[in-house]
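Below are the chains, spelled out letter by letter.
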Amino acid sequence: MDLTMNIILDRLSNYDVHPPGGGVTVTEVRCLGTATTVLTPKVLYVCTASQLCCRRLEHAQGAVILCLGNQDLLEARSDLEGTYLFSIPADRVDFPDLINQILEIFAQFNEWERQLEESILKGKDFQSLYNLSAEVFQDHFFLMWDASYNIVAHTQNTKIPNEKLEQIIKLGFFPKEVTDDLAQMGYMKNALAYSRPTFVNTPNYMNLPFILKTFVVAQRIQYTAVLYFTKSGMSQGIADLFQIFCCHMEAYIIRLVNSTHRQVNRIDKCMIDLVENWDKGAEYLADRAAVLGMMTVVPYRLCLITFQEYTQEQALYMRMRIRSVCSRIIVSLYQKSLLLLFDWCEGSLLEKEARAERWQKILQLLPVCGATAAFSSTFSHSTDVHFAYVQASVAMQYGKRFHPENLFHYYRDYYIYHMIDCYSQHFPLEKMYFQKLTLLMDARDYKSSNLYLLRTYLIHERNISQTAKLLYMHRNSVIYRISRIRELLNVDLDDPDIRLRLLISFKVLELLKPDIFLTNEKGQEERMQDGLIE
């Protein structure tokens, strides 16, 4: 077994070894014999200072020597340049005891590696593998969990050093409060960065220094291992042992996951087919819908969730949380986003209340994961999934443009913009609105302009009192100005076609100048219907 000098010197720390550590690797130990002149790489040579003083060495570059005695006697030796030379004061230990202790260190770790490899070949569980390693990691606390944040291994038969850790161990999994905190701290987003063992000092969530390693297979984190330093600070020797342990575990995890892993599971593949291959015929789409469990003549909705900073781990975490809230929702990864497909049946009052509670929990995940959701209109057939995805994408596009502060958007709020946008591919937007509206614009203050007054008046169904209240105007002033607008535009506002044309013109103007109107819209919390913001 390859051992770093950090590991060996950790076990000899009572002897004041100088220097106290080193990353060079050795595979065996030998005494520096009287006939030894050529040193072999990756061998730890043990000797006394007097033995080393009385012989000349060749090819010592990169050799590793542990010397018992005064190192000052050796500093002038040119043949020792480039060697890794460690020394122990002669009064700290006898030479035979030193040799025996080093041999015992090698024997202990070789036996540990043998047992570990044997248990891996037998397919033992992670807890069994760690139990073999508990003595190696001494008093430090080990914790390992899977992609669903279920605990698969931890230090046993010892006092748990932290109340948060104690709660997690007792439950057997990370509760959502903890995982949400970790998500907000950026762990899920940056989790792939921990595929190499990373030391994290305090302050941190557990308020314990630790070393962390994530096990990545096919660009997805399958397991995470953490070693918390509870009674003493991290030593480089313990870090090297953690690295060795993780190397064995990683090979085991890759083999374990590859035996059952599929790059794209069947649910995700069927969802992708419904979105992308919508023109392959009803029979093809019906087959995919059957795999997803979609029923005929049942109203469905599609939700698109995107992330401020997408990482697959962040998306997988949110998918896991959504599935834990409601197993009936179909959740798939698609193009750096999540797609949610769910039925929208009316149901009984109790069913509506249960659905409202579930959706409330799901929507609360959005700020935790830095995500935004957009919803399609309802549809009933598998052939409409593609168009529902287009609707949700459009809602996301215009929602972020006009209301970037909102966490969820609805196609029914933006479908007019979508229609105008499609029309603009054949006709310039600047020519699409009622041109006489420019007569009502006030470049200095749109909100006090007759244009804003007319828009408010029409949006509120020509209600004079409501318009006056919103614009802080006297009712008679509104009547007078509306009369002047009628004359200026030469239009009949009692004609529904004229009103429709004007309202569409306002939408066109919003596309041309998104900040032209400062609307007073209801808060999202007032628009909650059946547990989903409508």
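Everything discussed here concerns the structure shown above.
Reading the values: rules and limits
- Numbering of residues begins from 1 in every chain and follows the order in which that chain's sequence is written.
- In keeping with the model being predicted, local features are shown solely for residues with a pLDDT of at least 70 and side-chain atom pairs are shown and tallied solely at 80 or more, while totals for entire chains, interfaces and linings include all residues.
- Heavy atoms from the whole structure form the basis of all side-chain values; hydrogens and water molecules are not counted.
- Partly exposed describes any residue whose relative accessible area lies between the buried limit of under 20% and the exposed limit of over 50%, with all areas from a 1.4 Å probe on protein chains only and scaled to the type maximum.
- Each helix is a run of DSSP H or I of at least 4 residues and each strand a run of E of at least 2, with the numbering of both proceeding from the N terminus.
- The contact criterion used throughout is that any non-hydrogen atoms of two residues lie within 4.5 Å.
- Should DSSP find at least two bridges between two strands, the strands are regarded as paired.
- Angles here are taken between N-to-C directions and fall from 0 to 180 degrees, while the axes themselves are lines fitted to C-alpha atoms, restricted in helices to the stretch in contact.
- For salt bridges, the criterion is a side-chain nitrogen of Lys or Arg within 4 Å of an Asp or Glu carboxyl oxygen.
- Any pair of N or O atoms that falls within 3.5 Å is considered a polar contact. Within protein, one atom must be able to donate a hydrogen and the other to accept it, and sequence-neighbouring residues count only if both atoms are side-chain atoms.
- Within 6.5 Å between ring centres, the rings of Phe, Tyr and Trp (the latter by its six-membered ring) count as paired, and their orientation is classed by plane angle as stacked under 30 degrees, edge-to-face over 60, tilted in between.
- The criterion for a charge sitting over a ring is simple: Lys NZ or Arg CZ within 6 Å of the ring centre, and within 35 degrees of the ring normal.
- Put simply, angles under 35 degrees are roughly parallel, angles over 145 are roughly antiparallel, angles from 65 to 115 are roughly perpendicular, and the rest are oblique.
- The definition of a nonpolar core used throughout is a set of buried Ala, Val, Leu, Ile, Met, Phe, Trp, Tyr and Cys residues joined through side-chain atoms within 4.5 Å.

Draft legend 1. Quick peek at helix H6 (residues 176-184). Restricting attention to buried positions, one finds in H6 the residues Val178, Thr179, Asp180, Leu182 and Ala183. In the core, the buried residues of H6 are packed alongside helix H5 (163-171), helix H7 (187-190), helix H11 (312-325) and helix H12 (349-369). Taken from the residues just after H6, Gly186 is the one with a positive phi, measuring 90°.

Draft legend 2. The sheet that holds strand E10 (residues 210-217), seen in detail. Overall, antiparallel pairing links the 5 strands, which are arranged E8-E7-E11-E10-E9 in an open sheet. With one partner strand each, in any of the chains shown, strand E8 (151-154) and strand E9 (198-200) form the two edges of the open sheet. Averaged over all pairs of adjacent strands, the angle between strand axes in this sheet comes to 20°, irrespective of strand direction. Of the strands in this sheet, strand E7 (141-146), E8 and strand E11 (220-228) touch helix H4 (residues 126-133), which is tilted by about 15° from E8.

Draft legend 3. Seen up close, the pattern of salt bridges. Going through the model one piece at a time under the given rule, you end up with 19 salt bridges. Across the pair Arg114 and Glu111 runs a salt bridge, and its minimum N-O distance is 2.6 Å. With Arg114 and Glu111 both in helix H3 (residues 95-121) and 3 residues apart, this pair spans about one turn of that helix. When salt bridges with common partners are traced through the structure, they connect Glu111, Arg114, Glu118 and Lys122 into a single cluster.

Draft legend 4. Highlighting the environment of Ser332. Looking at the secondary structure, you find Ser332 in strand E13 (residues 330-333). Taking the C-alpha atoms as reference points, Ser332 and Lys269, 63 residues apart in sequence, are found 8.7 Å from one another. For Ser332, the residues in contact, after removing those within four places along its chain, are Ile267, Asp268, Met271, Ser337, Leu338 and Leu339. In this structure the side chain of Ser332 is engaged in a polar contact, spanning 3.1 Å, whose partner is the side chain of Asp268.

Draft legend 5. Broad picture of the packing of aromatic side chains. Within this structure, the stated rule accounts for 29 aromatic pairs. Ring centres of Tyr187 and Tyr194 lie 6.0 Å apart, and the angle between their planes is 10°; this geometry places the pair in the stacked category. With respect to class, Tyr187 is no different from Tyr194; both count as buried. Grouping aromatic residues by their ring pairs yields a cluster made of Tyr130, Phe137, Phe142, Phe242 and Phe245. In this arrangement the basic side chain of Lys164 is found over the ring face of Tyr205, its NZ or CZ atom lying 3.9 Å from the centre. The ring of Tyr284 has Arg288 sitting right over it, with the charged end atom 3.9 Å from the ring centre.

Draft legend 6. Layout of the sheet that holds strand E3 (residues 28-31). The 4 strands lie next to each other as E3-E4-E5-E6, forming an open sheet whose pairing is parallel. Each end of this open sheet is capped by a strand with a single partner; those strands are E3 and strand E6 (84-88). For this sheet, the mean inter-axis angle between neighbouring strands, taken without regard to orientation, is 25°. Both strand E5 (residues 64-68) and E6 contribute to a ladder of 5 bridges, which runs parallel. Looking across to E6, one finds that Cys67 is bridged to Ser87. Here H3 sits on the sheet in contact with E3, strand E4 (43-48), E5 and E6, set at roughly 165° to E4.

Draft legend 7. Representation of the packing of helix H13 (residues 385-402) against helix H14 (residues 411-424) in the model. Relative to each other, H13 and H14 sit at 95°, their axes nearing to 9 Å. With respect to H14, the element H13 is oriented roughly perpendicular. Note on element contacts: H14 touches H13 through Tyr411, Tyr414, Tyr417, His418 and Asp421, opposite Val390, Gln391, Val394, Ala395, Tyr398, Gly399 and Phe402.

Draft legend 8. Spotlight on the nonpolar core. With 61 residues, the main nonpolar core has Met294, Leu437, Leu454 and Phe506 as its most contacted residues. Of all the elements, H13 adds the most residues to this core, at 9 residues. Not counting residues within four places of it along the chain, the set of residues in contact with Phe506 comprises Leu437, Leu451, Leu454, Arg455, Leu458 and Phe517. One finds Val46, Leu66, Leu129 and Ile211 within the second-largest nonpolar core, a separate group that totals 55 residues.

Draft legend 9. Spotlight on the side chain of His409. Here His409 is to be found in strand E16 (residues 408-410). Residue classification places His409 among the buried residues on the basis of a relative accessible area of 2%. Among the polar contacts listed, one links the side chain of His409 to the backbone oxygen of Asn406, at a separation of 3.5 Å. Sequence-distant contacts of His409, that is, excluding residues within four places in its chain, are made with Thr372, Ala373, Ala374, Phe375, Ala395, Met396, Gly399, Lys400, His403 and Tyr414.

In short, shape yes, function no, at least from these values alone.
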